[in-house]
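Listed below, chain by chain, are the residues.
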Amino acid sequence: YLSEKDPTEFTGVEQFCQQAVAQQELRWLPIKAAKVLSKITDKYDLYSVYHKLLALQQGLGQAEERLKGEVRRTDGRLRERLAASTRRLRDEAAQLRDQLQRRLNKGPERP
């Protein structure tokens, strides 16, 4: 990219990189460095970031367990409601069947 661009049109960063490449320097390459971590300067900051990440991970694990428990409870409640509805429908069907059977056994009504 820089070799094809007019050097008079280089930005400051491009000029810096071009000079580093010409001098065969590698200091401009971000080797083993994340931009966000480059702002952390002392070991205490790294230690703090590490422990915050651990706390987040534990919090996520706890949230996942709570969510699984809630899903199990909800599933149980839905099963209970479905079973109750099924029993009620079965009872209603039995009552209708009995009423129909009584009417059939009674025979036709006489005027």
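Summary of the structure given here. Please read these numbers as outputs of a predicted model, since none were measured by experiment. (Residues numbered from 1 in each chain as written. Predicted model: local features only at pLDDT ≥ 70, side-chain atom pairs only at ≥ 80, totals over all residues. Heavy atoms only, no water.)

### Details of helix α1 (residues 12–22)
The cut-off we apply is this: Partly exposed describes any residue whose relative accessible area lies between the buried limit of under 20% and the exposed limit of over 50%, with all areas from a 1.4 Å probe on protein chains only and scaled to the type maximum. Working definition: helices are DSSP H or I runs of at least four residues, strands are E runs of at least two. Numbering for both runs from the N terminus. In this description, one arc is meant: the one made by directions from the helix axis to the C-beta atoms.
Those residues of α1 that fall on the buried side of the exposure criterion are Glu14, Cys17 and Ala20. Taken around the axis of α1, the buried residues stretch over an arc of 125°, which confines them to a single face. Among the exposed residues of α1, those oriented more than 90 degrees off its buried face are Gly12 and Ala22. Phi turns positive one or two residues past the end of α1, at glutamine 24, with a value near 55°.

### Regarding the pattern of salt bridges
As a reminder of what qualifies: Salt-bridge detection follows one rule: a side-chain nitrogen of Lys or Arg within 4 Å of a carboxyl oxygen of Asp or Glu.
Tallied over the entire structure, the rule returns seven salt bridges. Put simply, glutamate 70 and arginine 73 hold a salt bridge, and the shortest N to O gap is 2.9 Å. In this pair, glutamate 70 and arginine 73 both sit in helix α3 (residues 43–106), three residues apart, roughly one turn of the helix. Accessibility expressed as a relative area gives 33% for glutamate 70, which makes it partly exposed. In this structure, arginine 97 and aspartate 98 form a salt bridge, with 3.9 Å as the shortest nitrogen-oxygen distance.

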